Amino acid sequence: DPGWTGKPQEGPANTWRKRTQADVTLDPRMTVEAIVRTVRSFTKPFPGANLLFEAAVVKIFSAEPCGPFFDAELLRRTEPGRILRAEEKRIAVKAADGAVWLESDSALPATLRAAKHLHPPLLYGVRHADFLREALDMPR
């Protein structure tokens, strides 16, 4: 209706907090779908999802389910965070309900490629506490 002028909102405006690096940090206890959606939401031109490992913050720009690449019985018995396979730019990690490929646009740290397990971000969070509180630098 072009004649409708609207009316002012009653009460205070609805606001949402600024997103921080913690909002885009991957946790191996997440489901495969949640990991894929988080990575997809923050891929280029955005700064990418964070994967914390020891002192490193690895930027992840692609994630996809591993599908039938790994034995279903092996995955059922494996704990979340187990690194199933590591390549130069990507790793396969056991998530809460399956396995997921996580890919960076640059070579992964050698220590990560040699590791057997990713811990939840809370374990590494002490080293990265200031980083995790930083506001996301989002392009407009």
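Everything here concerns the structure above.
Residues numbered from 1 in each chain as written. Predicted model: local features only at pLDDT ≥ 70, side-chain atom pairs only at ≥ 80, totals over all residues. Heavy atoms only, no water.

A.B. asks: How do you make sense of the environment of proline 121 when you look at a structure like this?
C.D. replies: Within the secondary structure, proline 121 sits in helix α4 (residues 121-125). Relative accessible area serves as the criterion here: at 14%, proline 121 is assigned to the buried category. As for proline 121 and arginine 29, which are separated by 92 residues in sequence, their C-alpha atoms are 9.9 Å apart. Excluding anything up to four places from it in sequence, proline 121 contacts Thr25, Leu26, Asp27, Pro28 and Leu52. (Helix = DSSP H or I, 4+ residues; strand = E, 2+ residues; numbered from the N terminus. Buried < 20%, exposed > 50% of the residue type's maximum accessible area, 1.4 Å probe, protein only. Contact = heavy atoms within 4.5 Å.)

A.B. asks: Even after reading the chapter, I still don't get helix α1 (residues 32-41), so can you show me in this structure?
C.D. replies: Every α-helix winds through 3.6 residues per turn, so residues three or four apart in the chain are directed the same way. For α1, every residue scored as buried is listed here: Val32, Ile35, Val36, Thr38 and Val39. The buried residues of α1 occupy an angular sector of 165° when the element is viewed end-on, so they sit on one face. α1 presents Glu33 and Arg40 as exposed residues on the side facing more than 90 degrees away from its buried surface. Check the buried side of α1 and you find it contacts β1 (49-53), β2 (56-60), β3 (62-65) and β6 (99-103). (Arc of directions from axis to C-beta.)

A.B. asks: Quick question: what am I supposed to make of unusual backbone geometry here?
C.D. replies: Backbone phi values are negative for most residues with the exception of glycine, while trans is the configuration of most peptide bonds. The residue after lysine 44, namely proline 45, is reached through a cis peptide bond having omega 15°. If you trace the backbone, proline 45 turns up in the loop between α1 and β1. One non-glycine residue with positive phi stands out, namely glutamate 54, at about 50°. Secondary-structure assignment places glutamate 54 in the loop between β1 and β2. Residue glutamate 54 is classed as partly exposed on the basis of its relative accessible area, which comes to 37%.

A.B. asks: Honestly, the sheet that holds strand β4 (residues 83-86) in this entry has me stumped. Any pointers?
C.D. replies: Hydrogen bonding along the main chain pairs the strands of a sheet, whether they run parallel or antiparallel. Taken together, four strands build an open sheet; the order of strands is β3-β6-β5-β4 and the sheet is antiparallel. Each end of this open sheet is capped by a strand with a single partner; those strands are β3 and β4. Strand after strand, the sheet turns through a mean of 20° between neighbouring axes, direction not considered. For β4 and strand β5 (residues 90-94), the ladder comprises three bridges, and the chain directions are antiparallel. Looking across to β5, one finds that arginine 85 is bridged to alanine 92. Across the sheet, α1 lies against β3 and β6, angled at about 155° from β3, the strand it touches most. (Pairing = 2+ DSSP bridges. Axes fitted to C-alpha atoms, helices over the stretch in contact; angles between N-to-C directions.)

A.B. asks: Honestly, the packing of aromatic side chains in this entry has me stumped. Any pointers?
C.D. replies: Any two aromatic rings considered together are summarised by their centre-to-centre distance and by the angle between their planes. A complete count under the given rule lists zero aromatic pairs for this structure. Cation over ring: lysine 44 sits above phenylalanine 61, and NZ or CZ is 4.9 Å from the ring centre. If you follow arginine 90 out to its NZ or CZ, it ends over the ring of tryptophan 101, 3.7 Å from the centre. (Phe/Tyr/Trp six-rings, centres within 6.5 Å; stacked < 30°, edge-to-face > 60°. Lys NZ or Arg CZ within 6 Å of the ring centre and 35° of its normal.)

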